[in-house]
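Chains, contacts and geometry: an overview
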Amino acid sequence: MYDSAKTLYKEWGVDTEKAMKKCASIPVSLHCWQGDDVTGFEKSAGPLSGGIQTTGNYPGKARNKDELMKDLDVVYSLIPGKKRLNLHTHYAITDSEVPRDQVAPEHFKAWLDWAKKRKIGLDFNATPFSHPMASSGMTLSSPDNKVRDYWIRHCKATRKIAAWLGEQQGSPCLHDIWIPDGLKDIPADRLGPRERLRDALDEIYSVKYSKEHIIDVVESKLFGIGLESYTAGSSEFYIAYAATRGIYVLLDNGHYHPTELVSDKIPALLSIFDKVALHVTRSVHWDSDHVVLFADEIKEIAKEIIRNKAEDKVLIGLDYFDASINRIAAWAVGARNFQKALLYALLIPHDKLKQLQDSGQFSKLMVLQEEIKTLPFGAVWEEYLKRQNVPGADWFGQVEKYEKDVLSGRK
Ligand code: RNT
Ligand code: ZN
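Residues numbered from 1 in each chain as written. Chains lettered and ligands numbered in written order. Predicted model: local features only at pLDDT ≥ 70, side-chain atom pairs only at ≥ 80, totals over all residues. Heavy atoms only, no water.

1. Observations concerning the site of ligand 1
Ligand 1 sits among 13 residues. The nearest are His88, Glu219, Lys221, Asp252 and Asp319. Within the side chain of His255, an N or O atom sits 2.9 Å from an oxygen atom of ligand 1. Separating an oxygen atom of ligand 1 from a side-chain N or O atom of Asp287 is a distance of 3.2 Å. Out of a free accessible area of 300 Å², ligand 1 has 100% covered by protein chains. Judged by its atoms lying within 2 Å of the grid points, ligand 1 is housed in the largest cavity. Its residues placed into classes, the shell around ligand 1 shows 5 nonpolar, 3 polar and 5 charged. (Near = heavy atom within 4 Å. Polar contact = N/O pair within 3.5 Å; in protein donor to acceptor, adjacent residues only side chain to side chain. Areas by Shrake-Rupley, 256 points an atom, 1.4 Å probe, with all protein chains shown as cover. 1 Å grid on protein atoms, 1.4 Å probe; cavity = no way out; pocket = protein on both sides within 12 Å on 5 of 7 lines; lining within 4 Å. Sits in = over half its atoms within 2 Å of the grid points. Nonpolar A, V, L, I, M, F, W, Y, C, P; charged D, E, K, R; others polar.)

What follows is the structure, encoded as structure tokens:
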């Protein structure tokens, strides 16, 4: 099947061998938080807060670092391609709990060792939620100096960790700041929180690190649960901030109005910035963080990365958390689907299509774009999995076995 698919794609001017090789070289950062519903390892941790929510109570959730690491190994064995791991601060590995404004590189040494053994790069996130100091719904934009200063210290500490990770692993660590800050009801002041946020960020980024070690991004949002009327860190705020401060923005495709498309925002930003980061997710009616599917907008996002030859400019991360189904399966489905989208995009004769657009041949462009959709992509995908030593369509059998042997013992 692969051989005949290869011949067919060749007729379209597409080299399937080259596509598979390229696909295997594009790093995708897997979020560590699908395995435990964003809980983290802090004993004192309260419930998930900040307007995000994990729903469902499927058995087998990882309860500690050993279980999470073990689960990750299973997930990675099911995913083709080049992988990274994206960590949050509350996944620190410490003997006794360390306050979030005092976390340090040493608390992530165990993760670094783990990642190095697997030749996996690490990325990092500040974690200003699920914490008593974030209970007002405001962190870096809080009117309370004590609260704001706490989270400024936190973000300085997490950037230090990220820069250290980047240096140690020999590849820059993406450092993402997402804050929940917002208001449930009509604000009396929309500017004040943003000015405070701006100044807090300026303070945080006044500490300079090498770009070889850390890539700084800020993640905007539309609204959160309980914070429906106002979000300080809006899209306009962060794009303007990043553009004037020499840092970058992260686009989470669950964080926009339903008809806004991140696939269109990628090239818009790439015409100005030399990098853009992504959180690939699926929102159902709201920022619900459903598992990523092999769906049209996901394919479109992958196409924008590939046809603009922006594999080194777009830093791809995943961000979904479903607790209603087997978490290993959820993790793997989403990550496999983004790999699928990348390979699919690599099998499109983009130059030919661009030329049709530029020469105004729109009938032919539509016809070809539609014909491409039914080329034998599945055969190339199966071949890619085989070469990557990853199970094919029957991979769920391995998850069922792991559930029976391991997850079912977690009461
Ligand atoms: C929340 C943001 C953020 C989180 C993770 C846990 O809306 O998407 O990226 O999902 O940091
Ligand atoms: Zn996100």
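2. A closer look at the nonpolar core
Grouped together as the largest cluster of nonpolar side chains are 135 residues, with contacts concentrated most on Leu85, Trp111, Leu140, Ile177, Leu201, Phe338 and Leu343. Of all the elements, helix α10 (residues 327-346) adds the most residues to this core, at 13 residues. In this structure, Leu201 is in contact with Leu140, Ile177, Phe237, Tyr238 and Tyr241, ignoring residues within four places of it in sequence. (Core = buried A, V, L, I, M, F, W, Y, C linked by side-chain atoms within 4.5 Å. Buried < 20%, exposed > 50% of the residue type's maximum accessible area, 1.4 Å probe, protein only. Helix = DSSP H or I, 4+ residues; strand = E, 2+ residues; numbered from the N terminus. Contact = heavy atoms within 4.5 Å.)

3. Considering the coordination of the zinc ion (ligand 2)
Donor atoms from the polypeptide that coordinate the zinc ion (ligand 2) comprise Glu219 (OE), Asp252 (OD), His279 (ND1) and Asp319 (OD), at 2.1 to 2.2 Å from the metal. Geometry at the zinc ion (ligand 2) is octahedral, judged from the 6 donor atoms that bind it and their angles of 71 to 169° at the metal. Motif for the zinc ion (ligand 2), donor spacing along one chain: E-x32-D-x26-H-x39-D. Placement of the pair is His279 in strand β9 (residues 276-280) and Asp319 in the loop between β12 (314-318) and α10, with a sequence separation of 40 residues. The exposure classification of His279 matches that of Asp319, with both residues buried. (Donors = N, O, S within 2.8 Å, 3.2 Å for Na, K, Ca; no water. Tetrahedral: all angles 85-135°; square planar, octahedral: opposite > 155°, others 65-115°.)

4. Observations concerning the pattern of salt bridges
Once the charged atoms of two side chains with opposite charge are near each other, the side chains can pair. Scanning all chains against the criterion turns up 27 salt bridges. Between Glu300 and Lys303 there is a salt bridge whose closest N-O contact spans 3.2 Å. A residue pair is termed a helical-turn pair when its members lie 3 or 4 positions apart in one helix, as Glu300 and Lys303 do in helix α9 (residues 296-307) at 3 residues. A salt bridge links Glu304 to Arg307; the shortest N-O distance between them is 2.6 Å. Placement of the pair is Glu304 and Arg307 together in helix α9, with a separation of 3 residues, close to one helical turn. Here Arg307 falls in the partly exposed class, since its relative accessible area comes to 21%. Beyond isolated ion pairs, a larger network of salt bridges with shared partners links Lys6, Glu17, Glu383, Lys386 and Arg387. (Salt bridge = Lys/Arg side-chain N within 4 Å of Asp/Glu carboxyl O.)

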